[in-house]
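Chain by chain, the residues:
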Amino acid sequence: MLSPTYFLPKEKFPDFLSALKGLGQVFAPVKVSQQSYSFKAVEKASEIAFEALRTILPPKKFFYPQSETLVKFEDGEIKECIEEPQFKVIFGVHPCDLAGLGIMDTIFEDSPGDTHYLRKRRTSMIIGLSCMPDKHCFCQSMGTDCPEKGYDVFLTDIEDGYFIEGKSSQGQKLLADAFTNKVLERAREAHKDRYKRFWLDRSEAFETGFKVDNLRSTMDLEWENPVWEELGDRCLSCGNCTPVCPTCYCFDLVDVAALSSKEDGSGDAERRREWDSCQFVGFAKVAGDYNFRPGPVDRLKFWYRHKLHGFDDAYGFKTCVGCGRCTVSCPSGIDDIVKVVNILQAAREKKDEGQPK
Ligand code: SF4
Ligand code: SF4
């Protein structure tokens with residue numbers, strides 16, 4: 001049976017927000033500078049930047065924090081640090097970031113499962129929100145432009161209100177309660193028509209993209225394409241492109257010992273998990289000072305491969321969701337996946353044309 005759909009008039013949004021706040025602390029995109037947005041705790045609807053397209057960091061930061069203590073050595077004992085998370089509602093997550101969360105869920109749920117991530121993720125509610133693409137968005141190419149998983153409720157902006165769908169049982173319960181409390185109305189035919197029109201208009205609004213069907217073979221065949229050397233020459237190895245990516249999860253384990261040891265020579269210490277980046281020079285360095293990916297070009301190629309087809313065999317999906325964050329945050333202006341893929345595909349097509357039929 002299809003779940004009921006609802007309409008939320010915009011003037012009723014503060015009541016909807018109150019219902020969300022009744023579940024837990026609400027986080028939403030907030031404007032933090034002239035051009036940037038960040039997910040922050042909000043109390044009032046006026047604090048929410050509904051126009052925000054991409055936040056500086058994706059919502060992975062709530063479940064997989066930048067630095068997290070896993071184990072403590074205290075009073076001569078090793079103690080695992082499993083946090084008791086508070087329920088969080090993350091509002092305003094766009095389709096690419098929902099797909100990113102779905103990918104992170106699959107990876108962190110993979111046996112034996114990551115307790116630290118999963119406990120936080122299972123005490124949360126994700127409210128998706130529709131958006132219109134800008135010149136850097138290419139989620140349509142990656143097949144992540146329509147919400148499929150990673151959320152509880154999704155709101156589509158249909159001018160004077162939101163068309164609302166519930167996905168999970170906790171999302172459907174929230175909507176049923178809000179309907180009972182007269183915050184929501186049942187969606188009528190006119191709302192459904194505007195909903196369909198919105199998604200059609202949106203699918204025609206994409207300005208950039210590429211074909212994904214031959215990505216794997218293109219990447220393999222163009223592994224020595226000169227574009228890689230050009231990019232490598234300009235890459236600063238700053239690592240900006242990885243923390244901003246909704247699906248990058250590489251980490252380092254850092255042991256921190258307290259400076260003040262006790263009289264008997266023992267001291268407290270902790271082991272932390274901290275975000276790392278495959279773009280850093282030391283990432284692939286091993287014992288004996290050997291580096292598997294010594295130059296920026298080696299690291300960039302590795303990253304592109306990971307994003308565009310490295311997960312095909314193991315999981316059956318690509319880990320780029322087309323959000324465009326890496327493009328806008330690269331200080332060298334080089335991390336434009338669409339441009340690079342277009343160059344590689346054009347080179348491949350040229351070679352294909354020269355092949356005997
Ligand atoms: S690789 Fe770039 S465009 Fe793709 S999901 Fe990561 S940050 Fe977004
Ligand atoms: S953000 Fe740009 S310059 Fe920095 S590591 Fe990534 S590709 Fe290189």
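Residue indices begin from 1 for each chain and proceed along its sequence in written order. Note on labels: chains are lettered from A, ligands numbered from 1, in written order. pLDDT decides what is reported in this predicted model: residues at 70 or higher carry local features, side-chain atom pairs at 80 or more are listed and counted, and totals for whole chains, interfaces and linings draw on all residues regardless. In computing side-chain values, all of the structure's heavy atoms are included and hydrogens and water are not.

1. Thoughts on the packing of helix H9 (residues 296-308) against helix H12 (residues 337-354)
Then, in step 1: Under this scheme, a helix contributes an axis fitted over its contacting stretch, all axes are lines through C-alpha atoms, and angles between N-to-C directions fall in the 0 to 180 degree range. Counting from the N terminus, the helices are the DSSP runs of H or I reaching at least four residues and the strands are the DSSP runs of E reaching at least two. The N-to-C vectors of H9 and H12 enclose an angle of 90°; their axes lie 13 Å apart at closest approach. Considering the angle they form, H9 stands roughly perpendicular to H12. Every residue of H12 that contacts H9 at Trp303, Tyr304 and Leu308 is listed here: Ile337, Val340 and Val341.
Then, in step 2: All amino acids are sorted into three groups, where Ala, Val, Leu, Ile, Met, Phe, Trp, Tyr, Cys and Pro are nonpolar, Asp, Glu, Lys and Arg are charged, and the leftover types, Gly among them, are polar. Per-class residue counts for the contact of H9 with H12 are six nonpolar, no polar and no charged. Oblique is the label for any angle not under 35 degrees, not over 145, and not in the 65 to 115 range, which are roughly parallel, roughly antiparallel and roughly perpendicular in turn. Residue contacts follow a heavy-atom distance rule, with two residues in contact if any of their heavy atoms lie within 4.5 Å.

2. Description of the site of ligand 2
Then, in step 1: Near residues are defined by distance, with any heavy atom within 4 Å of the molecule or strand qualifying the residue. Near ligand 2 there are 13 residues, and of these Cys235, Cys238, Gly239, Cys241 and Cys330 occur at the shortest range.
Then, in step 2: For the shell around ligand 2, a count of residues per class yields eight nonpolar, four polar and one charged.

3. Focus: H9
Then, in step 1: For a helix, the expected span equals 1.5 Å multiplied by the residue count minus one. Compared with an ideal rise of 1.5 Å per residue, which puts 13 residues at 18 Å, H9 spans 18 Å between its outermost C-alpha atoms and is within 8% of the ideal.
Then, in step 2: Here the term buried applies to any residue with accessible area under 20% of the maximum for its type, exposed to any over 50%, and partly exposed to those in between, with areas from a 1.4 Å probe on protein chains only. For H9, the full list of buried residues reads Val297, Arg299, Leu300, Lys301, Trp303, Tyr304, Lys307 and Leu308.

4. Details of the side chain of lysine 301
Then, in step 1: Among the secondary structure elements, lysine 301 is positioned in helix H9.
Then, in step 2: Among buried charged residues, lysine 301 stands out as having no salt bridge; its nearest opposite-charge side chain is glutamate 224, 4.2 Å away.
Then, in step 3: Beyond its immediate chain neighbours, meaning those up to four positions away, lysine 301 contacts Trp223, Glu224 and Trp228. Positive charges come from Lys and Arg, negative ones from Asp and Glu, while His and the chain ends are left out of the count. Any Lys or Arg side-chain nitrogen located within 4 Å of an Asp or Glu carboxyl oxygen qualifies as a salt bridge.

5. A short note on unusual backbone geometry
Then, in step 1: Going from serine 111 to proline 112, the amide bond is cis rather than trans, its omega being 10°.
Then, in step 2: Note that proline 112 resides in the loop between helix H2 (95-109) and helix H3 (115-122).
Then, in step 3: Positive phi values are uncommon outside glycine, yet serine 237 reaches one of about 55°.
Then, in step 4: Locating serine 237 in the fold gives a position in the loop between helix H8 (226-234) and strand S11 (251-257).

6. What about the sheet that holds strand S5 (residues 77-80)?
Then, in step 1: Strand pairing follows a simple DSSP-based rule, namely that at least 2 bridges must link the two strands. Spatial ordering of the open sheet is given by S5-S4-S12-S11, a layout of four strands whose pairing is antiparallel. Of all strands in the sheet, those bounded by a partner on one side alone are S5 and S11. Each neighbouring strand pair of the sheet contributes to a mean axis angle of 25°, computed without reference to strand direction.
Then, in step 2: In this sheet, strand S12 (residues 269-275) lies alongside strand S4 (residues 67-74) in antiparallel orientation, the contact comprising six bridges. Within S12, the position partnered with phenylalanine 73 by the bridge is alanine 269.
Then, in step 3: Packed onto the sheet, H3 meets S4, S5 and S12 and runs at close to 120° relative to S4.

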